[in-house]
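Given next are the chains, with one letter for each unit.
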Amino acid sequence: MDKQTVATTKNGKLVYVDLKGSHAATHIADTPELLSLVRELLADLSLEDDNIYLDKDMGREVGLSDLVTTDEDDHIIYAKRLNRSNYTRFVQNRLAEPTRYVTVVLRKDTDGNYELWSAWIGAAAPQFPGDEHETPESRPFWQTHALVWGNQEVQPGTQVEYWPWG
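Conventions adopted
Sequence order as written defines the numbering, with residues in each chain counted from 1. Per-residue local features are limited, in this predicted model, to residues with pLDDT of at least 70; the limit for side-chain atom pairs, both in listing and counting, is 80 or more; totals at the level of whole chains, interfaces and linings are taken over all residues. The side-chain values count all of the structure's non-hydrogen atoms but skip hydrogen atoms and water molecules. A run of H or I in DSSP becomes a helix once it reaches four residues, and a run of E becomes a strand once it reaches two; helices and strands are each numbered from the N terminus. Restricting the calculation to C-alpha atoms gives the radius of gyration, and the globule rule supplies 2.2 Å times the number of residues raised to the power 0.38. Any two residues whose heavy atoms approach within 4.5 Å at even a single point are treated as in contact. Positive residues here are Lys and Arg, negative ones are Asp and Glu, while His and the chain termini are left out of the count. Throughout, a charge is located at the NZ atom of Lys, the CZ atom of Arg, the CG atom of Asp or the CD atom of Glu. Whenever a carboxyl oxygen of Asp or Glu lies within 4 Å of a side-chain nitrogen of Lys or Arg, that contact is scored as a salt bridge. We call a residue buried when its accessible area falls under 20% of the maximum for its residue type, exposed when it is over 50%, and partly exposed in between, using a 1.4 Å probe and counting protein chains only. Paired strands, as defined in this entry, are two strands with at least two bridges between them according to DSSP. For helices, the fitted axis covers only the stretch in contact; all axes are lines through C-alpha atoms, and the angles between them, taken along N-to-C directions, range from 0 to 180 degrees.

What to know about the overall build of the protein
Scanning the protein from N- to C-terminus turns up 3 helices and 11 strands. Going from the N terminus to the C terminus, the protein shows its helices and strands as β-β-α-α-β-β-β-β-β-β-β-β-α-β. The C-alpha radius of gyration computed for the protein amounts to 16 Å, which stays within 12% of the reference 15 Å derived for 166 residues, consistent with globular compactness. Excluding contacts between residues fewer than 6 apart, the proportion of contacts in the protein whose partners are at least 24 apart in sequence is 68%. Side-chain charges of the protein comprise 16 positive and 27 negative groups, with the mean position of each set lying 4 Å from the other.

As structure tokens, then:
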């Protein structure tokens, strides 16, 4: 793991990120300004829970969200993003939309500090179907939402045009 300290929280917890193999690494590579937004968000938080998944309205437009609502006129495809084993739903004929939100996913380590497991510009969303953390909201949500194609790197040869989650 290639750890880099990201921030110290309001209650003194260190937050670090794996810049090679984590989900956060792919988002940071796609959007380098994300790290400074995450630092800003974490500076105001006191962390105690083992797993944290939250989004925050930053009070201003902070960038473009790849997550968009889709309809029957959209061209949908599926592919696996880097550092992931599950499929992502993508839309090919849409553009990212302005957002005020930043989302972070944090996991407490054995020392009581936190790994930034994932982060992105945009609001929180249910896990993808098939993910170990899938919720009852996952399938209905991802039938009507997708990430904008072309804004995130995908694993070569994983693109399909059918719903891959059975």
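Quick word on the pattern of salt bridges
Following the criterion strictly, the structure yields 6 salt bridges and no others. One salt bridge in this structure joins Asp 74 and Arg 94, with 3.3 Å as the shortest N-O distance. Highlighted residues: Asp 74 in the loop between strand S5 (67–69) and strand S6 (76–80) and Arg 94 in the loop between strand S7 (87–91) and strand S8 (97–99), separated in sequence by 20 residues. Judged by relative accessible area, Arg 94 falls into the partly exposed class, the value being 24%. Beyond isolated ion pairs, a larger network of salt bridges with shared partners links Asp 74, Arg 94 and Glu 97.

Here we look at the sheet that holds strand S9 (residues 101–108)
On the basis of which strands lie adjacent, the open sheet formed by 5 strands has the order S1-S2-S10-S9-S3 and mixed pairing. Each having just a single partner strand, strand S1 (3–8) and strand S3 (51–57) make up the two edges of the open sheet. On average, each strand axis in the sheet is inclined to that of its neighbour by 35°, with strand direction left out of account. Summarising the sheet, S9 and strand S10 (residues 114–121) pair through 7 bridges and their orientation is antiparallel. Residue pairing in the sheet places Arg 107 in a bridge with Glu 115 of S10. Across the sheet, helix H1 (residues 23–30) lies against strand S2 (14–18) and S10, angled at about 40° from S10, the strand it touches most.

Overview of the pairing of strand S11 (residues 145–148)
Two elements, S5 and S11, share 3 bridges in a ladder whose sense is antiparallel. Each residue of the ladder has a partner; that of Thr 69, found in S11, is His 145. Bridge analysis of S7 against S11 gives 2 bridges, and the strand direction is parallel. Pairing of Val 91 across the sheet is with Val 148, part of S11.

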